[in-house]
Structure formats: structure tokens, C-alpha cells
Amino acid sequence: MAAGIRLYIDGDLAEGVPVAASADQAHYLGRVMRLGPGDAVNLFNGRDGEWRAVIERIDKRSADILPETQTRPQVEAPGPWLAFAPVKKTGTDFIVQKATELGAARLIPVATANTQTGRTNTDRLTATAVEAAEQCERLSLPEVSDMQTLDALLNTWPDDRRLFILDETGGGVPLAQALAGANAGAAGFLTGPEGGFSAPELDRFAKLSFVARVTLGPRILRAETAALAALAVAQAVAGDWN
Ligand code: SAH
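Residues numbered from 1 in each chain as written. Predicted model: local features only at pLDDT ≥ 70, side-chain atom pairs only at ≥ 80, totals over all residues. Heavy atoms only, no water.

Draft legend 1. Structural context of the side chain of Thr191. Topologically, Thr191 is positioned in strand β12 (residues 187-191). On the basis of relative accessibility, which here comes to 2%, the residue Thr191 falls in the buried class. Leave out the neighbours within four places in its chain, and Thr191 touches Ala83, Phe84, Ala85, Leu166, Phe197, Ala223, Ala226 and Ala227. (Helix = DSSP H or I, 4+ residues; strand = E, 2+ residues; numbered from the N terminus. Buried < 20%, exposed > 50% of the residue type's maximum accessible area, 1.4 Å probe, protein only. Contact = heavy atoms within 4.5 Å.)

Draft legend 2. Looking closely at the packing of aromatic side chains. In total, this model carries 4 aromatic pairs according to the counting rule given. Arranged with centres 5.5 Å apart and planes meeting at 65°, the rings of Tyr8 and Phe44 form a pair that is edge-to-face. Residue Tyr8 is located in strand β1 (residues 6-8), and its partner Phe44 is located in strand β3 (residues 40-44); the two are separated by 36 residues in the primary sequence. Assigned by exposure class, Tyr8 and Phe44 land together as buried. Here the aromatic rings of Phe197 and Phe205 are separated by 5.2 Å at their centres, their planes lie at 85°, and the arrangement is edge-to-face. Taking the relative accessible area as the measure of exposure, Phe197 reaches 7% and is therefore buried. The buried category is assigned to Phe205, whose relative accessible area is 1%. The residue whose ring lies beneath Arg106 is Trp81, and the NZ or CZ to ring-centre distance is 4.7 Å. (Phe/Tyr/Trp six-rings, centres within 6.5 Å; stacked < 30°, edge-to-face > 60°. Lys NZ or Arg CZ within 6 Å of the ring centre and 35° of its normal.)

Draft legend 3. Expanded view of the site of the ligand. Inspection of the region around the ligand gives 19 residues, with Leu166, Gly192, Leu216, Arg219 and Leu221 positioned closest. Taking Asp167, its main chain carries an N or O atom lying 3.5 Å from a nitrogen atom of the ligand. One of the side-chain nitrogen or oxygen atoms of Glu168 is found 2.9 Å away from a nitrogen atom of the ligand. For the ligand, whose accessible area on its own is 560 Å², the fraction buried by protein is 83%. (Near = heavy atom within 4 Å. Polar contact = N/O pair within 3.5 Å; in protein donor to acceptor, adjacent residues only side chain to side chain. Areas by Shrake-Rupley, 256 points an atom, 1.4 Å probe, with all protein chains shown as cover.)

Draft legend 4. Geometry of the layout of surface pockets. Roughly 480 Å³ of internal volume is contained in the largest pocket. Lining the largest pocket are 19 residues, with Tyr8, Ser22, Gln25, Val130 and Glu134 positioned closest to its centre. Contributing elements (two or more residues each) for the lining of the largest pocket: β1, β2 (19-21), α1 (23-32) and α3 (122-136). Sorting elements by how many residues they give to the lining of the largest pocket places α3 first, with 6 residues. Looking at the lining of the largest pocket residue by residue, the classes come out as 9 nonpolar, 5 polar and 5 charged. Each of domain 1 (2-72) and domain 2 (81-238) accounts for three or more of the residues forming the lining of the largest pocket. (1 Å grid on protein atoms, 1.4 Å probe; cavity = no way out; pocket = protein on both sides within 12 Å on 5 of 7 lines; lining within 4 Å. Points joined across faces, edges and corners; volume = space filled by probe spheres on them. Nonpolar A, V, L, I, M, F, W, Y, C, P; charged D, E, K, R; others polar. Domains from an automatic or database assignment.)

Draft legend 5. Expanded view of the nonpolar core. Of all hydrophobic cores here, the largest spans 28 residues; its most connected members are Leu82, Leu107, Phe164 and Phe189. With 7 residues, the single largest contributor to this core is helix α7 (residues 223-238). With residues near it in sequence (within four places) discarded, Leu107 still touches Leu82, Phe84, Val96, Ala99, Thr100, Pro142, Glu143, Val144 and Ser145. If you look at the next biggest cluster of nonpolar residues, it comprises 17 residues, including Val19, Val41, Ala53 and Ile65. (Core = buried A, V, L, I, M, F, W, Y, C linked by side-chain atoms within 4.5 Å.)

Draft legend 6. View of the pairing of strand β4 (residues 50-58). When β3 meets β4, the two strands line up antiparallel, connected through 5 bridges. Within the sheet, the bridge partner assigned to Ala40 lies in β4 and is Val54. Here β3 folds back onto β4 in antiparallel fashion, the turn holding 5 residues, of which Gly46 has a positive phi close to 85°. In this sheet, strand β5 (residues 63-72) lies alongside β4 in antiparallel orientation, the contact comprising 8 bridges. Bridging from a neighbouring strand, Arg57 pairs with Asp64 of β5. Hairpin connection of β4 to β5: 4 residues between the antiparallel strands. (Pairing = 2+ DSSP bridges.)

Take a look at the structure:
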């Protein structure tokens, strides 16, 4: 077995039913990892658990891989949602990678009043999430949404999920306290852009019943630090780190 090579595959995974790797995956397996027919890898697709599989055929641009045995059953992983105002490119990639490692179930880029960056590239962010999911041994992928307006986010936010707004202005309650008794898998977080939330946005949040403004302490964190810190606290206090 090629130690710990895990690949996310779109197709269904079932014993004896070959799946096709993508061209990039074939290149990685054959050219980078120097694997050939008979070598084993682990496959997951977010639905059928994890499978030990064997390369049947491989060339420069394609590979057929045969699932043999299911090594891990699919388990539901209700994780927190993270809505975030995109920040300069590497920051957004960092947020997606760390949120995936921390078990986020949904990642929603949001255009707020002070958001400087343009539309996010959903394909690229999804590829970042796939790579992070393969590395951290998640069995599921976070769902990465196209960027949406703050209006759309608030108007479509589900009633059964609290939305914790990370508020750097000091108007929020301590996060661990806000999470006490909550379930991280039923929580969502929203971080603002480099310029923070606008006053009208903060006023609007104060009026929404499903919203709680929370503080992450006295220092002003970069959005990517705030997102990572909030998810870590959520998983430690009310999530799957227990
Ligand atoms: N407006 C700030 C910068 C915003 S930091 C400034 O004046 O420099 C970017 C985002 O990170 C914020 O919108 C908020 O969502 C989050 N954040 C940063 N520090 C925080 C803190 N101490 N508590 C809660 N959220 C914080």
C-alpha cells in the first residue's frame, strides 16, 4: 500500500466497480508517486466511506482504480458552517484549508460592505478543500458556495442554526460562553473583511434573533486568524474534538 495516499473521487465507490481517476490524479499517482498497476491507494467520495483500492491501469492522463474493501464506514459529520468575507488571495485559501481541517461542513464566501476582493473562484477554493480533506483524513468535503451578498446570506440562513458574528468592536459576548450548551454542528460563524463590518451591518445584526455577536478577545485578529480561532473553540467546546 502506498503509505496513506488518499484520493477524493466523484464517482460511487463499491466493491469490484472500477472508478476513473482524474487526469491530475493519474499524473500524481504515476509520475509523482511512481505507482503502477497493483499498487493500492485509499479512496473516499463523501458518501460511501473510505475504500482500499488497487490501480488496475494507469497512463500519463488516466487511471482506473478498483475498490476492494471498505476500510471506514461513512459517518455523518455535522460540522459548523463558516461564512467569511474574502480577504486577499492567500488569506482566503488559508481560511478554506484551515476550516476544512477543522471540520467545517459549509464554507460560504460573503460580499460585505467593506469587502475589497472580487468574486471568489469556487473551483479553486473547492480544489483547496479537496486537498485539505485528503490530507486530514476527513471522509466528507465541506460544501463551498459561490460568493453571495450579505443580504442573501441573512435572508436564507436556516432558522435552526445560530449565526455567531465575530465582532472585533468589542460588542460581543465571549465565544466559549456563547457556545456553552450549543452544538458546534448546528452553529455558523461569520468573519468580516480587512476593514471589518460597517456600522449599518452591525446594527442589522443586532436586530436578528438567530444572530449572536461574539468577541475573540481584546486584540484585532486578521480574518483568517479569527476564523481559525472560532472554529477551534467551537470544536473544542461543543464539537467533535470531544
Ligand atoms: N476593523 C478591524 C479589522 C477587522 S479584522 C480594524 O479596524 O483593523 C477582520 C475580521 O476578523 C473582523 O471583521 C472580525 O470578523 C474578525 N475579528 C478580528 N478580531 C476579532 C476579535 N477580537 N473578536 C471577534 N472578531 C474578530
